[in-house]
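# Results of the structural survey
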Amino acid sequence: MLVIGLTGGIGSGKSTVAELFRKRKIPIIDTDILARELVRPGQPALNEIIQTFGDTVIHKNGELDRQTLARLTFQNESARKKLEAILHPKIRQLMTEQINSVSAPYVIAVIPLLIEAGQTDLVNHILLVDCPEEIQIHRVKQRDNRDEQQIREILNAQASRQTKIAMADDIIENQGELSDLDAKIEKLHQKYLLMSQDET
Ligand code: ATP
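All values derive from a computational prediction rather than experimental measurement.

## Some details on the site of the ligand
- Around the ligand, a shell composed of 14 residues is seen, among which Lys 14, Ser 15, Thr 16, Arg 143 and Asn 174 lie nearest.
- Measuring from an oxygen atom of the ligand, one finds a backbone N or O atom of Gly 11 at 3.1 Å.
- Its free accessible area being 630 Å², the ligand has 75% of it covered by the protein chains.
- When contributions to the shell around the ligand are tallied by element, the ones reaching two or more residues are helix 1 (14-22) and helix 6 (133-144).
- Element by element, the count of residues in the shell around the ligand is highest for helix 1, at three residues.

This is the structure in structure tokens:
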């Protein structure tokens, strides 16, 4: 199965782009959703996280306290690596299961930190959603009501636009109107349909 890895910085438009592929009946595997499922109460990954980071990372009701975990791992490489060592193999396994369970010419795997986390071997082709940082900040501010400083910190912790562009096989420029996007996705969809014929 041809696996297209859809990536891009915070607020670049990954979910928006994924929706346009979904509209074309292409299955979407969202690694953020897989990661959230993995850390539900009772799941082995949550127990490993508690053993590694302590009880402070769970709420009284047993659910993961994402903000506390993010605070402990953000900009702390060794803590982040420990968290990745718990989650990544399990995400890989779930991804493989999902890929094997669908029947489609190709799948889109949304992997926000595809490049940063060195997960490029999971995919056959990298599709980057790119736009200027000021637009990313503006969109996230509007969407989440988050303050600018916080968004800039997240942006700075992600790979630079240049690094991502250098790694990408295809790039969607998403700085224009939403209505411009559909035609770009249709073009890529046709290209991936053709590519998928070579896979079989
Ligand atoms: P995150 O990394 O934070 O999950 P994302 O990359 O999935 O974000 P989206 O959620 O798709 O990004 O887009 C961020 C916000 O910008 C959303 O509110 C979305 O509706 C809006 N948006 C995306 N593309 C455009 C566009 N071309 N024009 C205007 N708004 C857009």
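## A few points about the pattern of salt bridges
- Considering all chains together, one arrives at 16 salt bridges under this definition.
- Here Arg 22 ties to Glu 19 by a salt bridge, and the two come within 3.0 Å at their closest N and O atoms. Here the residue Arg 22 and the residue Glu 19 both occupy positions in helix 1, the gap between them amounting to three residues, near one helical turn.
- In this structure, the salt-bridge partner of Asp 182 is Arg 24, at a minimum N-O distance of 3.2 Å. Pair noted here: Asp 182 is in helix 9 (residues 178-199) and Arg 24 is in the loop between helix 1 and strand 2 (28-30), with a separation of 158 residues, a long-range link.
- A single salt-bridge network, built from bridges that share partners, covers Lys 23, Arg 24, Asp 182 and Glu 186.

## Description of empty space enclosed by the protein
- This model, assessed by the stated rule, comprises one cavity of 30 Å³ or more.
- Estimated volume of the largest cavity: approximately 90 Å³.
- Along the wall of the largest cavity there are 14 residues; nearest its centre are Gly 9, Gln 136, Ala 159, Arg 161 and Lys 164.
- Within the residue set of the lining of the largest cavity, elements represented by two or more residues are strand 4 (125-130), helix 6 and helix 8 (161-167).
- With three residues, strand 4 is the single largest residue contributor to the lining of the largest cavity.
- Here the residues of the lining of the largest cavity sort into five nonpolar, five polar and four charged.

## Quick word on the pairing of strand 3 (residues 106-110)
- When you tally the buried positions in strand 3, you get five out of five residues, the bulk of the element.
- Along strand 3, one buried face is formed by Tyr 106, Ile 108 and Val 110 and the opposite face, lined by Val 107 and Ala 109, is buried too.
- With five bridges joining them, strand 1 (residues 2-7) and strand 3 adopt parallel strand pairing. Its bridge partner being in strand 3, Ile 4 is matched across the sheet by Ile 108.
- As defined by bridge partners, strand 2 adjoins strand 3 across three bridges and the pair is classed as parallel. Bridge pairing links Ile 28 to Ile 108 in strand 3.

What counts and what doesn't
- Residues numbered from 1 in each chain as written.
- Predicted model: local features only at pLDDT ≥ 70, side-chain atom pairs only at ≥ 80, totals over all residues.
- Heavy atoms only, no water.
- Near = heavy atom within 4 Å.
- Polar contact = N/O pair within 3.5 Å; in protein donor to acceptor, adjacent residues only side chain to side chain.
- Areas by Shrake-Rupley, 256 points an atom, 1.4 Å probe, with all protein chains shown as cover.
- Helix = DSSP H or I, 4+ residues; strand = E, 2+ residues; numbered from the N terminus.
- Salt bridge = Lys/Arg side-chain N within 4 Å of Asp/Glu carboxyl O.
- 1 Å grid on protein atoms, 1.4 Å probe; cavity = no way out; pocket = protein on both sides within 12 Å on 5 of 7 lines; lining within 4 Å.
- Points joined across faces, edges and corners; volume = space filled by probe spheres on them.
- Nonpolar A, V, L, I, M, F, W, Y, C, P; charged D, E, K, R; others polar.
- Buried < 20%, exposed > 50% of the residue type's maximum accessible area, 1.4 Å probe, protein only.
- Pairing = 2+ DSSP bridges.

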